[in-house]
Amino acid sequence: MQFRLFALLVFFNCAVVLPAQETPLGSVAGLVTSRGSNRPVEYAAVTAKGKSDGKVARSGATNAKGEFALEGLPFGEYELSYGLVGAENPALAAFTLDAAHRAANLGRLELDADVTVKMEKLEVSTHKEAFYNSIDRKVYNVGKDIQSATGSASDLLANVPSVQVDIEGNVSLRGDSNVLILVNGKTSTMMGKNRAAVLDQMPADSIEKIEVITNPSAKYKPDGTGGIINLTLKKKTTTGYSGSIRAAVGNDRRYNASVSANYNPGKYNLYGSASVRQDDRPRTVHDVRSHPDATGAVVATTQVTSEQSRPLSRIAQLGADYKVDDQTKIGAAVSYNYRDFLRHATVSNLTRTGGAITQDYDRVRTDPEYEKDLEFTGTLQHSFPKEDQELNLELRHGKTTEQEDNRYANRYRTGAPTSFDNTLNKSTETNTEGTAEYIHPINDEAKFETGYNGQTNKVDMDFRGSFFNPVTQVWQLDAAQSNRFIYDATIHAVYATYAQKLGAFGFLAGLRFEQAIIHTDQITARLTDRTDYNRLYPSLHLTYNLTDAHQLQLNYSHRVHRPEGDDLNPFPKYDDPTNLRAGNPRLRPEEIHSVEAGYQYKHDDTTYLATVYYRYRYNSMTEVRRFVDATTLLPSPGGTVLLATKENLGSGNSGGLELGATTRLQDRLSLNFSSNVYRSEINAGNLGFSSRRSAIAWDAKLNASFEVTKHTLVQLNTNYSAKRLTPQGYRYPTYVANLGLRHVFADKKTAFILSVSDVFNSLKERTAVETPTLHEEITRRRSSRILYAGFTYTFGKPSKKPKEDLQFDNSL
């Protein structure tokens, strides 16, 4: 029944979007190479003209592999001219498009190496696509997003369709917070468990594009039930030198600055970047909850948290690539991140039982905190004589160190003396990862890839609690809050994928095998455990081009969410005397099967996307909050301590319709709209809750950019998320709007940026828990609207006399 409904939705979706009538269109493609060397010619100009009237129908340029494709050509006879930009006598090739020959492939087209190029002063006006769709991902070019000049990576992600970022910087994809975030297609030490903090401090101007992969192929790690978000960082590869400087100041003494530079004389490439960001992070939390005690009396607790911190982050990267010969290139890079701040917080607690006050005190917290990430990467890339045949090797080693030094004072308004306690939390995580990838093109239409990935991850968590004894006037170790826990995971994986294009049909099939070995050691409690399991993770992506403008897609993947160290550590961690957290050593990996069917219409500057998706998951991990006995920590209806832990749900499924559209009006207004409507169903019967709960939710985003003048751009971003279902309750709607302005000066190297985040001061997060024994509402707010004003300056100079083929920078 579910399959029939799914198929019906796909059919309906395509039926309503496809135009009833359309002029027949075709396409032409080919490969431009240098005569004699057969090397691909990058950025050669390609133009299709009508054979009879000589009018230009379509034009474009070759990519880094020398390939080109011109689409949307009406049937007829054409002449294709191709050559270097400015060539006096470009080469010509004739072709015809008709009902029997919709797609012309001109194959390999050769250019003479000694072509005379006539360079004249000209001005090129072009617009980079806001996003485009490939067989397994959606790619969003973020260069024109004003947030990229003054904001953080979190600000940038919040504007990307399908992606949600909550008030604390946690990233979700279609409502699923278990997302794997890659940097340049690889895992990164900085994107570990504290990635929300890193993304909130990472300068957005370092990112060139963002790739959203909701159903990744078997080539990628299966971690992340929501999918993968890949951040592609800016890196020049053309000869010469280039760089940029950015600086901005904001309200509440905020500021950020960054510099990046690249030098490439030809044989080697040096690149580096550095940034600093001073933030201001006031936070407020209002928590109201009630539950019955053992006698049936209602216990009502109100907690109001006021917190202030000013994180200062420094991020730096330095790298080099060296061409050993024409086929082999080696590289090395080091990345560093250091963030520290002093947190001041006060939690006001008021508890009434049957209307009478039983607790009334403030818990004052002072916490000097820091986090340090250091990562080393080495790469080797070898190209074989056959075009696109490659062997890539990479070795990565990283270490993350973080510390919280919490110092608490409990000040009572009921006459009790002030008490003091401390908790020192230290965590050290080391990870090593090796990757080998081999790419073998079988022909122009088929490609085979295989590879190995091995990684080790070790986390050492040390928690030390102490309290001040008012009788002895000395600090004493608190055994109930002190423990050490070690998590050690090793994963070996091999994969293979095969891609083939058969006329209008294309597919990408893959299979990944993984062996996971997980060791845990709760040293304090003397509890050890080992979990071994093997899994197969298949993937399949299908595409069919109805015409050059219309494409259908269908894909499937199997993915996993593994418990982390904090999730498995059973030792309780006290936030305050009435709130604690503990892991669950019995947690099992969460697994998901995901199917998607999509449609794309693309013509000139207009693109429409529609995707229907269905996900079935089992052993889903979720946070559960229960009242427990203060002594035994076992569930108790009359308990006074609220325990938050992780549990596996029985099963769950969700399905929805995602729509996206981008267009350009009057060559001045760019619109990018996306929305997602979905239904989720949760079976939490195994946890003692209502066996099945379901709800429909939706979210929408609109990004509008208007070119006031040729050099001035105004941009508006709006995000809305409707009410959502959670295992024990729901999450209230959220709305935020951002506004920005960018003006480029006459030198075309300097720009002024102005941005306002949360224009209407509407950003807040409200959640509710509704169970037979607990009613709770939590409201979290950050600081009010944030303003930034700044500038950017770019510089660079290409090599004067390249000794080899001309090279062109295709970045915008």
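Heads up: these notes are all about the structure in this document.

## Concerning the overall build of the protein chain
Point 1. Across its full length, the protein chain carries five helices and 47 strands.
Point 2. When contacts within the protein chain are restricted to residue pairs at least 6 apart in sequence, those whose partners lie at least 24 apart make up 65%.
Point 3. Roughly 38,700 Å² of accessible area belongs to the protein chain as shown, and the carbon and sulfur atoms make up 56% of that amount.

## Some points on the environment of Gly 354
Point 1. Its location among the elements puts Gly 354 in the loop between strand 21 (328–353) and strand 22 (356–383).
Point 2. Among the residues examined, Gly 354 registers a relative accessible area of 64% and is labelled exposed.
Point 3. Counting along the chain gives 58 residues from Gly 354 to Gly 296, while the straight-line C-alpha distance between them is 9.2 Å.

## Things to note about the side chain of Ser 557
Point 1. Relative to the elements of secondary structure, Ser 557 occurs in strand 30 (residues 550–561).
Point 2. The exposure class assigned to Ser 557 is buried, which follows from its relative accessible area of 2%.
Point 3. Sequence-distant contacts of Ser 557, that is, excluding residues within four places in its chain, are made with Asn 215, Pro 216, Pro 538, Ser 539, Ile 592, His 593 and Ser 594.

## A few points about the sheet that holds strand 5 (residues 76–83)
Adjacent strands of a sheet form backbone hydrogen bonds with each other and so pair up, either parallel or antiparallel.
Point 1. The strand order across the open sheet formed by four strands is 3-2-5-6, and the pairing between neighbours is antiparallel. The open sheet has two edge strands, strand 3 (56–61) and strand 6 (91–97), and neither has a second partner. Going from strand to strand, the sheet's axes swing by 20 degrees on average, the running direction of each strand aside.
Point 2. Two elements, strand 2 (residues 45–50) and strand 5, share six bridges in a ladder whose sense is antiparallel. Its bridge partner being in strand 5, Ala 48 is matched across the sheet by Leu 80.

## Digging into the nonpolar core
Point 1. If you look at the biggest cluster of nonpolar residues, it comprises 25 residues, and the most contacted ones within it are Leu 199, Ile 210, Ile 229 and Leu 231.
Point 2. For this core, the secondary structure elements donating two or more residues are helix 3 (153–157), strand 11 (171–173), strand 12 (179–183), helix 4 (195–201), strand 13 (207–213) and strand 14 (227–233).
Point 3. Leaving out residues up to four positions away in the same chain, Ile 210 has contacts with Lys 138, Val 139, Tyr 140, Val 142, Leu 156, Leu 157, Val 160, Ile 229, Asn 230 and Leu 231.

## Focus on a nonpolar patch on the surface
Point 1. Taken together, the side chains of Tyr 241, Tyr 263, Tyr 268, Leu 270, Tyr 322, Val 324, Ile 330, Leu 380 and Leu 393 make up a nonpolar region of the molecular surface, amounting to roughly 750 Å² of accessible area.
Point 2. Within the fold, Tyr 322 resides in strand 20 (residues 312–323).

## Focus on the pairing of strand 43 (residues 734–744)
Point 1. With ten bridges connecting them, strand 40 (residues 712–721) and strand 43 associate as antiparallel partners. Bridge pairing in strand 43 places Gln 715 opposite Gly 740.

## So, the pattern of salt bridges
Point 1. Evaluation of the coordinates by the stated rule reveals 44 salt bridges.
Point 2. The residue Asp 421 makes a salt bridge to Arg 363 at a minimum N-O spacing of 3.0 Å. Here Asp 421 is found in strand 24 (residues 419–443), whereas its partner Arg 363 is found in strand 22, with 58 residues between them in sequence.
Point 3. Overall, the relative accessible area of 10% leaves Asp 421 in the buried class.
Point 4. What makes Arg 363 buried here is its relative accessible area of 5%.
Point 5. Linking Arg 396 and Glu 375 is a salt bridge whose minimum nitrogen-to-oxygen distance equals 3.0 Å.

## Focus: the packing of aromatic side chains
Point 1. Per the stated rule, a full pass over the model turns up 14 aromatic pairs.
Point 2. Between Phe 420 and Phe 468, the ring centres sit 6.4 Å apart and the planes meet at 85 degrees, which makes this aromatic pair edge-to-face. Note that Phe 420 is positioned in strand 24 and Phe 468 in strand 25 (residues 446–469), a separation of 48 residues in sequence.
Point 3. Sitting over the face of the ring of Tyr 730, Lys 723 holds its NZ or CZ atom 4.0 Å from the ring centroid.
Point 4. Lying across the ring of Tyr 732, Arg 766 places its NZ or CZ 3.8 Å from the centre.

## Brief notes about the pairing of strand 16 (residues 255–264)
Point 1. Taken together, the ten bridges between strand 15 (residues 240–250) and strand 16 define a ladder with antiparallel strand orientation. Looking across to strand 16, one finds that Ile 245 is bridged to Val 259.
Point 2. Linking strand 15 back to strand 16 in an antiparallel pair, the connection comprises four residues, with Asp 252 at a positive phi of about 55 degrees.
Point 3. Looking at chain direction, strand 16 and strand 17 (residues 268–278) are connected through nine bridges and run antiparallel. Across the sheet, Ala 261 pairs through a bridge with Gly 272, a residue of strand 17.
Point 4. Counting the residues between successive antiparallel strands, the hairpin from strand 16 to strand 17 contains three residues, one of them, Gly 266, with a positive phi of roughly 130 degrees.

## A look at the sheet that holds strand 35 (residues 621–628)
Point 1. Pairing within the open sheet is mixed, and its four strands lie in the order 31-32-36-35. Edge positions in the sheet fall to strand 31 (573–576) and strand 35, since each of these pairs with one other strand and no more. Strand-to-strand twist across the sheet, computed as the mean angle between neighbouring axes with direction ignored, equals 25 degrees.
Point 2. Direction of pairing for strand 32 (residues 579–581) relative to strand 36 (residues 641–648): parallel, over a ladder of three bridges. Counted as the bridge partner of Asn 579 is Leu 642 from strand 36.

## Focus on the side chain of His 561
Point 1. Tracing the chain through its elements places His 561 in strand 30.
Point 2. Relative accessible area serves as the criterion here: at 17%, His 561 is assigned to the buried category.
Point 3. Of note is the side chain of His 561, whose polar atom sits 3.3 Å from the side chain of Asn 178.
Point 4. Beyond its immediate sequence surroundings of up to four residues, His 561 is in contact with Asn 178, Thr 225, Pro 589, Glu 590 and Met 621.

Calculation notes
- Residues numbered from 1 in each chain as written.
- Predicted model: local features only at pLDDT ≥ 70, side-chain atom pairs only at ≥ 80, totals over all residues.
- Heavy atoms only, no water.
- Helix = DSSP H or I, 4+ residues; strand = E, 2+ residues; numbered from the N terminus.
- Contact = heavy atoms within 4.5 Å.
- Areas by Shrake-Rupley, 256 points an atom, 1.4 Å probe, with all protein chains shown as cover.
- Buried < 20%, exposed > 50% of the residue type's maximum accessible area, 1.4 Å probe, protein only.
- Pairing = 2+ DSSP bridges.
- Axes fitted to C-alpha atoms, helices over the stretch in contact; angles between N-to-C directions.
- Core = buried A, V, L, I, M, F, W, Y, C linked by side-chain atoms within 4.5 Å.
- Patch = residues over 30% accessible without salt bridge, like charges linked within 9 Å, V, L, I, M, F, W, Y side chains within 5 Å.
- Salt bridge = Lys/Arg side-chain N within 4 Å of Asp/Glu carboxyl O.
- Phe/Tyr/Trp six-rings, centres within 6.5 Å; stacked < 30°, edge-to-face > 60°.
- Lys NZ or Arg CZ within 6 Å of the ring centre and 35° of its normal.
- Polar contact = N/O pair within 3.5 Å; in protein donor to acceptor, adjacent residues only side chain to side chain.

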